Each structure stands twice: as structure tokens, then as C-alpha cells.
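What follows is each chain in one-letter form.
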Amino acid sequence: MKQVFIQFKLIIIPVLFLVLTGSQVHAAETVSVQEFLEMEKDWKDLAKKKTKITIEGRISSISKTFFRFRKCKISFRSSRKNGFRTTSIKSRTVEVYGNLKKSLKARDKNSEEPEYYFEVKTLSAIPSDMKSFENKRLFLKKDNPDSWAKLGKWALNRASFYEDNDLMIAGEEVIYKSFIIEKKLIPDKQYKPLFALIQKMNDWPFETIAPSEEMIWFRHEAFRRWWNEVKANKLADVDPLKNEIRGQLKGCESVITPEEFKLKDSYEKNPVQVYNEAPPEKRPVLHRLFYIDILYEVIMSQKQAGGENGYEIASLLDKNIPEIKGVQGKLRGEELDLRKKRIQTFTRAEILDLAKKYKERNEIKNRTEVLKTWLKIRTGKELKEGPAGLLLIARDYQLLLNDQKTSYEILIQAYEMNPKSEEISQALKKLGYAFQKGRWIKASNVKPTEVSKIRAAMKSGEVIKGMTQDQVTKTLGKPGSISKAASVSKIDIVWVYGNRAENRLVIHFIKQRKNRKSSVKVYSISQLASE
């Protein structure tokens, strides 16, 4: 806040002495009209003893023989017959010397005359309150806040009594100035006195000025000092600081935009200056940047050596400081690198979790590498356990890496150790291998036999050469008609399916007479058109 002070021209008012008696004697201490009124309970005693008093104040009215002070109910009368020399009074502020007297008219109970009046021996014009204020202000020390506060309170007291707005403004300005001076005297690293000063300013009943802007600046600086102390103490007692910031710095918990986050670098270089120069609408952003700094330090302080809990720290950053990007990936990478070095002791669940995280980061090469390394280690261990262990490893090669070649090689090892294992045989078949002539070969390389052809035809509902009568019946059912023709060497048997109104299927069987054990098989298949 710009310091605005009312500038006054210093006018030295010559002190005018109106000598009403042969000599002038003043009391040891001058009292103001306000103080004199506060002494009213002592007036009776003062009048009785004829105690001499010096009073100063502002004149409300004056005549040749008497005058009145503003805010004072009694009259001040000249002790001389000639009265006052009113033409010499250049100022409305005067100082009088004399004593209280009992008013004769006040003895009448019906009289409105005050009980006392003041007999003036001397009257002197003195500088006005504003001029006295300016004169005193000239001699104030710039590094003494108490002297500024004292002058301000004097001015405010007079301003309040006389309802003087100009003097009220001037008094509050020097009070405000005393706070500014006091702030400069607080050591740079101390924050508690600064908070106390803010409270002191907040409690002062300013009426004409509002130093709220300065209190905002001071509060921010106090929090910065507090944060520096917390960091110096390795974040001890950081929670009270966080709680106070959340309560007093508006916007500190509100996420800011990437564009606003760009202010971070300039703010961190000189936070106090940047904050003090920022317009009010920008301060919530700076509050957030300040709070981000605190949260980041607190979260990162939980990071374990080597980055073992990198994923946990990264998640905390994502949750509490979404404005920060890039750091989380590095933290997660550090944890994965550390876990990668320990895979020789990993369980299947642990290696699967590691592989999953590499996949999420699209690090396929690392995923494949750790799976291969772990499976190789497991193969050596399971080899000692026998075929059952190798079967599990073979399945993992297939499931995790889609490595059919290595899976086949391990299954063959297992088969050679236990060729009677149906589970191993089924695993090889699922992998696409078939057992033929004492060895396992790819099923695609196995040549189909006549039996396999007939089975395939029956499955599809077709009849082919080489089928027996039983196989044809199982495929097409019983024929509509059967005919036979015998010769010396063979018997021809014809089965017809269908009726004359439709195309008919004719199946020709031949049975050789020379070989009685030979089965009757399909010799040919033909179609007959409908009639």
C-alpha cells in the first residue's frame, strides 16, 4: 500500500503573550482541556486553595472580558479590568494561566450559571494541534516505532475530543507508520513476532485508513519464514504450518492450470517480492504454488533409499499435486529398476505384477526381459523337481511369452522323464504336436491315414470308398433297397438310398470269394436320376 500522508506547510506561529499581571508564573505542567474536565472531582479543592493551573485548548468563542474553550462548560474570565486584547489572537488554540473560582451566581439554585469559572492571569496563543503535530513529527526517529505510536495516540486522542477528521487521519497514518517501522526491526528469520505484529495491526481500530494490504503481505512473508524454519528442522512440526496455511491463504488447495503453474519458477526465485507486486486476483495462485512446495517436500521426504516405494510416492503426488508432471514416471521407473535386480527371488505373483507394470508403461522390451530371466531361473529350479515342475514352466512360457518353441522343448524334457504322463501328452497336443512313430512332431506334418479319412467323412455325413457296410449304415442309415449279384470270384452288393421320384444314391460293395476273412467295403458310389 502506498503510504499517503497529508502534507502540511510548517507555519511557525509566534507565541503571543498577553500580560495581564505584572509577572507571569506557570504551573509545573500544562494540562489540556480534556484533562482539566477529567479533574472535575478536584475542582472544589483547587478553587478553595486557589491552585494555579495552566490549561491549553481550542477556543470556541471570545469577547473582551471572557472566552470559552470548546467542549468546556465553564467560562474563562480576564482578571484585568481592560480585559483581553482579542485583536492579537491569531490562533484558535491558546494556553491560559490562572485559577478556578466559585461563581457567585451559582449560589442561586435556579441559575444556569456553572458553579465555577476560571480567572485568567495570562493568555497566550500557541500553535494549532495540527501544527504541533507536524512539528513533533519532524523530530521523530525513523527507527523508533514507539515514538511514532506515541505521537499517533496523542493526535487521535485530540482528534476524538475535538471531532477533528484531519487530525484523525494524520494520527492514524503515524500509527500505521509505527507498524511499518516495527516490521523492519524484526529479524529476517523470525516469524512469530511478525504474526504478533499482524494481530496487533488487525486489533487496532483504524477508521480512516485500511492497512489490510500490508497485513496480507506480512502474513505471506511470515508463513515463508515459518516454512524456512520447518525445512531447517527437517520438516519437524510441519503439520501446524500446513493447517494454518489452509486456513489463512485462500486458494492454496485449489488445483491451478498449466499456464498458472508456469509462475512457479519466478515465484520461487523471489517469493516475497513477486507476491507483494502481484495483483490481488493472482495471489490465490501464488498461495497454491507455495502450498505445492510444502506438499512436495513432505511427500518426497517419505521416499525410501533407492526408490523402493516409488509407486507409492508417485501416487501421492498424483493425488495431492496433479499439477506436477514427469516426476512420477521417474519414481516408478526407479522402483521397477530396483525390483528388476531382485527377480531371482520373486514368486509368480510378484513377477506377474512387475511384468504388468512394464506393460502399463509400454516398456515391452523390459517386460519380455524380466519374464525370460525369471522363467530361466525357474526352469533350473523346477528341473530338480521333476516332470510336474517342468510342465508348469512350459505352460508359463506359452502363456506369458507365447514362446511355443521353448515350451515344446521343456515339455519334451518332461515327457522323456515320464512318457506315461497323460497331462504332459495333452499339453503337447494342445501345443499342436502329435505322437507318431515313437516321437512327437508337429500335427501339421502328420499325413492322414485311410482310417482318419473315413472318420472325417463319417463325421461330415459323407460316404467314401473303403467304408464297410457298418460304417455306411452309421453314416446314412439303412438303405431303401439291397440287391446282390454273384460270380465265380466275387459278390456284388448294391445299396440304394432314396426313391424313384428323386435322385438316388447307389453304393456298390464287393466281397472277394477267395478271401473269406476280408470285409465288404464300398467299391464305388454313383447317382441315379429320378424317373
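Look a little higher up for the structure.
Residues numbered from 1 in each chain as written. Predicted model: local features only at pLDDT ≥ 70, side-chain atom pairs only at ≥ 80, totals over all residues. Heavy atoms only, no water.

Q: Give me the lowdown on the overall build of the protein, citing residues and values where you can.
A: Helix and strand counts for the protein stand at 21 helices and 13 strands. Residue burial in the protein is summarised as follows: out of 531 residues, 41% are buried. When contacts within the protein are restricted to residue pairs at least 6 apart in sequence, long-range pairs at least 24 apart make up 55% of them. Carbon and sulfur atoms make up 51% of the accessible area of the protein, which totals about 31800 Å². (Helix = DSSP H or I, 4+ residues; strand = E, 2+ residues; numbered from the N terminus. Buried < 20%, exposed > 50% of the residue type's maximum accessible area, 1.4 Å probe, protein only. Contact = heavy atoms within 4.5 Å. Areas by Shrake-Rupley, 256 points an atom, 1.4 Å probe, with all protein chains shown as cover.)

Q: Describe in detail empty space enclosed by the protein, supporting the description with residues and values.
A: Under the definition given, this model contains one cavity of 30 Å³ or more. In this structure, the largest cavity spans a volume of roughly 40 Å³. Along the walls of the largest cavity sit Ser32, Val33, Gln34, Asn157, Arg158, Phe161 and Tyr162, which together make up its complete lining. The set of elements that each furnish at least two residues to the lining of the largest cavity consists of helix 1 (33–38) and helix 4 (145–162). Per element, the largest residue contribution to the lining of the largest cavity is four residues, and it comes from helix 4. Residues belonging to the lining of the largest cavity are distributed by class as follows: three nonpolar, three polar and one charged. (1 Å grid on protein atoms, 1.4 Å probe; cavity = no way out; pocket = protein on both sides within 12 Å on 5 of 7 lines; lining within 4 Å. Points joined across faces, edges and corners; volume = space filled by probe spheres on them. Nonpolar A, V, L, I, M, F, W, Y, C, P; charged D, E, K, R; others polar.)

Q: Just give me the short version of helix 3 (residues 129–138), but keep the residues and values in it.
A: Looking at helix 3, one finds that the buried residues are Asp129, Met130, Ser132, Phe133 and Glu134. On the buried face of helix 3, the contacting elements are strand 3 (52–62), strand 6 (93–102), helix 4 and helix 5 (165–185).

Q: If you had to explain the pattern of salt bridges to someone new, which residues and values would you point to?
A: As enumerated under the stated definition, the model contains 32 salt bridges in all. Of the charged contacts in the structure, one is a salt bridge between Asp129 and Arg58, with a shortest N-O distance of 2.8 Å. Highlighted residues: Asp129 in helix 3 and Arg58 in strand 3, separated in sequence by 71 residues. By the burial criterion, Asp129 is buried, and Arg58 matches it. Within the structure, one salt-bridge network assembled from shared partners comprises Glu56, Arg58, Asp129, Arg158 and Asp164. (Salt bridge = Lys/Arg side-chain N within 4 Å of Asp/Glu carboxyl O.)

Q: Report on helix 13 (residues 310–320), specifying residues and quantitative values.
A: Those residues of helix 13 that sit buried are Gly310, Tyr311, Ile313, Ala314 and Leu317. For helix 13, the angular spread of buried residues about the axis comes to 165 degrees, placing them on one side. (Arc of directions from axis to C-beta.)

Q: Got a sec to walk through the side chain of Glu56? Specific residues and values, please.
A: Positionally, Glu56 belongs in strand 3. Reaching out from Glu56, the side chain makes a polar contact with the side chain of Arg158 at a distance of 2.6 Å. Ignoring any residue separated from it by four or fewer positions in sequence, one finds Glu56 in contact with Thr30, Val31, Ser32, Val33, Phe69, Val94, Glu95, Ile126 and Arg158. (Polar contact = N/O pair within 3.5 Å; in protein donor to acceptor, adjacent residues only side chain to side chain.)

Q: Describe the environment of Ser78, listing the residues and the values that go with them.
A: Looking at where Ser78 falls in the secondary structure, it is placed in strand 5 (residues 76–78). A distance of 3.2 Å separates a polar side-chain atom of Ser78 from the backbone nitrogen of Arg80.

Q: Let's hear about the layout of surface pockets: which residues, and what values?
A: The space that makes up the largest pocket amounts to roughly 210 Å³. Looking at the largest pocket, the residues that line it are Leu391, Ala394, Arg395, Gln398, Leu399, Ser407, Leu411, Glu423, Gln426, Ala427, Lys430 and Leu431. Elements with a minimum of two residues in the lining of the largest pocket: helix 17 (387–401), helix 18 (404–417) and helix 19 (422–430). For the lining of the largest pocket, the leading source of residues is helix 17, giving five residues.

Q: Report on the packing of aromatic side chains, specifying residues and quantitative values.
A: Considering all chains together, one arrives at 21 aromatic pairs under this definition. Geometrically, the ring pair formed by Tyr191 and Phe195 is edge-to-face, given 6.2 Å between the ring centres and 85 degrees between the ring planes. Measuring from ring centre to ring centre gives 5.6 Å for Tyr415 and Trp440, while their planes differ by 85 degrees; the resulting arrangement is edge-to-face. Residue Tyr415 is located in helix 18, and its partner Trp440 is located in strand 9 (residues 439–442); the two are separated by 25 residues in the primary sequence. Take Trp440: its relative accessible area is 8%, and that puts it in the buried class. (Phe/Tyr/Trp six-rings, centres within 6.5 Å; stacked < 30°, edge-to-face > 60°.)

Q: How would you explain the sheet that holds strand 11 (residues 490–497) if you had to name every residue and give the values?
A: The antiparallel open sheet is built from four strands, whose spatial order is 10-11-12-13. Among the strands making up the open sheet, the edge pair consists of strand 10 (481–486) and strand 13 (521–528). Along the sheet, successive strands turn relative to each other by an average axial angle of 20 degrees, direction set aside. The pairing of strand 10 with strand 11 spans six bridges and is classified as antiparallel. When the bridges of strand 11 are listed, Lys484 appears paired with Ile493. Sheet strands touched by helix 21 (residues 469–476): strand 11, strand 12 (504–512) and strand 13. Its angle to strand 11, the strand with the most contacts, is close to 0 degrees. (Pairing = 2+ DSSP bridges. Axes fitted to C-alpha atoms, helices over the stretch in contact; angles between N-to-C directions.)

Q: Outline unusual backbone geometry, listing residues and values.
A: Within the chain, Lys50 stands out as a residue other than glycine whose phi angle is a positive 55 degrees. With respect to the helices and strands, the residue Lys50 is situated in the loop between helix 2 (43–49) and strand 3.

By themselves these figures say nothing about function.
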